[in-house]
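Chain residues, written in single-letter form:
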Number of protein chains: 2
Amino acid sequence: MPTLYIAGPEVFLPDAAEVMGEKRRIAAGFGFAVTGPGPDENANPTTEVRTARGIYLKDRRMMLEAEYCLANITPFRGVSADVGTVFEIGFMIASGRRVWAYSNDPRPYGARVWSEWYRQEGPQAMAGADGLVIETYGLADNLMIDCGIAEHGGQVIRPEGPVADPDRDLAAYTSALELMAASL
Amino acid sequence: MPTLYIAGPEVFLPDAAEVMGEKRRIAAGFGFAVTGPGPDENANPTTEVRTARGIYLKDRRMMLEAEYCLANITPFRGVSADVGTVFEIGFMIASGRRVWAYSNDPRPYGARVWSEWYRQEGPQAMAGADGLVIETYGLADNLMIDCGIAEHGGQVIRPEGPVADPDRDLAAYTSALELMAASL
């Protein structure tokens, strides 16, 4: 049975246990044994760095127990994916694991930066008002994420249009699992 | 001569060549041979995914040529570090490289989320108005970044107070290099 690590910011949801439990059930239905993370990951945050270290070590162990990774790169508190998830994508790719990802935002990164960061629609340049270059490759997020995933045999799945609840929608997640299961 | 990969969002600055050149010069002064990235990384962005792939492969090669990594995790377009940089931190840690990081923002992640994402000062809870949990470990960013770096022998450096130009300030960068050079 192929082993899978499910990376994503669901750990921060108030209903994390339900959403993560549902993701595990769907993955099991496609034949994956899920190594982590646990649905109780962030249930009891404290201000102690010692606890943060414990979570890191546990997540690291669960990543290394998995052959595959499916990451939720839906924008989290801003224009890009959750950085904890992105750390895990880089970690898994360097560990020789095949990584897939999905986003519940249909837009490419560049369009998102224009509308959400610069609050501007219409004709767009290669740089914002602050002079910072905007990646306009049509990818879901920073090129290291999209290209890293593609280069090592994975795919990034996006919906065709907006979804009602991007924090919890599991349609793109399910499509990604279907593709993964078919490719193994 | 120890080899170093300098990860950070400086590639997106309009004066990327100057800032990245200066970072290379300072690193050389501490005895590091810098493998990348090049100061011309994002000078000619195009809409072609092929070019994005080329940048990924070049950055990947330069990462693997380096024994050490120093990453700039100053918040970029939001409350967290540039996701391209975070991908590289995870990649380098999994590749067995020691990674250091610095931020030009003195605040811990939790305080930043409260003031910049929820636009709220004063007493703060463990979750925002949207119910999403906020990591309040006092770390510079998501725990995977801070703890990953610490667990594998590196350190995260932050300034004592606000800096005038967080996109370009090199004081914390220089302090980090000093610590790195002393620890090798």
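The residue count restarts for each chain, going from 1 along the sequence in the order it is written. Chains carry letters from A onward and ligands carry numbers from 1 onward, assigned in written order. For a predicted model such as this one, the threshold for reporting local features is a pLDDT of at least 70, and the threshold for listing and counting side-chain atom pairs is 80 or more; totals across whole chains, interfaces and linings nevertheless cover every residue. The basis for every side-chain value is the complete set of heavy atoms in the structure, and neither hydrogens nor water enter the calculation.

Caption draft 1: Region of the structure containing the interface of chain B and chain A. Each side of the interface is counted separately: chain B has 59 residues, and chain A has 59 residues. Once two parts are brought into contact, the accessible area they lose, counted with a 1.4 Å probe and summed over both, makes up the buried area. Summing both partners gives a buried area of about 5000 Å² for chain B against chain A, and 69% of it is carried by carbon and sulfur. When a carboxyl oxygen of Asp or Glu is within 4 Å of a side-chain nitrogen of Lys or Arg, the pair counts as a salt bridge. For the pair chain B and chain A, the interface holds two salt bridges. For the salt bridge of A:Arg53 with B:Glu151, the shortest nitrogen-to-oxygen distance reads 2.6 Å. The contact rule is simple, with two residues in contact once any of their heavy atoms fall within 4.5 Å.

Caption draft 2: Region of the structure containing the sheet that holds strand S3 (residues 68–72) of chain B. Residues and elements named next belong to chain B. Here, strands pair whenever DSSP counts at least two bridges between them. We count a stretch as a helix when DSSP gives it H or I for four or more residues in a row; a strand needs E for two or more, and each element gets its number in order from the N terminus. Pairing within the open sheet is parallel, and its five strands lie in the order S2-S1-S3-S4-S5. What marks the edges here is a single partner per strand, and that holds for strand S2 (33–36) and strand S5 (156–157). Strand direction decides the pairing type here: strand S1 (residues 3–7) and S2, joined by three bridges, are parallel. Bridging from a neighbouring strand, tyrosine 5 pairs with glycine 36 of S2.

Caption draft 3: Molecular detail of the layout of surface pockets. Only protein atoms enter the calculation, which uses a 1 Å grid: trapped sets of points that fit a 1.4 Å probe without letting it out are cavities, open sets showing protein on both sides within 12 Å along at least five of seven lines are pockets, and any residue with an atom within 4 Å of a point is a lining residue. Grid points are joined across faces, edges and corners, and a volume is the space filled by probe spheres set on the points. In this model, the largest pocket occupies a volume close to 570 Å³. Every residue lining the largest pocket is counted, 25 residues in all, and those nearest its centre are A:Arg77, A:Gly78, A:Val79, A:Glu116 and B:Trp117. Going through the elements one at a time, helix H4 (109–117) of chain A together with helix H4 (109–117) of chain B are the ones with two or more residues in the lining of the largest pocket. Three classes are used: nonpolar for Ala, Val, Leu, Ile, Met, Phe, Trp, Tyr, Cys and Pro, charged for Asp, Glu, Lys and Arg, and polar for all others, with Gly counted as polar. Broken down by class, the residue content of the lining of the largest pocket amounts to eleven nonpolar, four polar and ten charged. There is about 240 Å³ of room inside the second largest pocket. What lines the second largest pocket is a set of 15 residues, among which B:Pro75, B:Phe76, B:Arg77, B:Gly78 and B:Asp167 lie closest to the centre. Of the residues contributing to the lining of the second largest pocket, the split by class is five nonpolar, three polar and seven charged.

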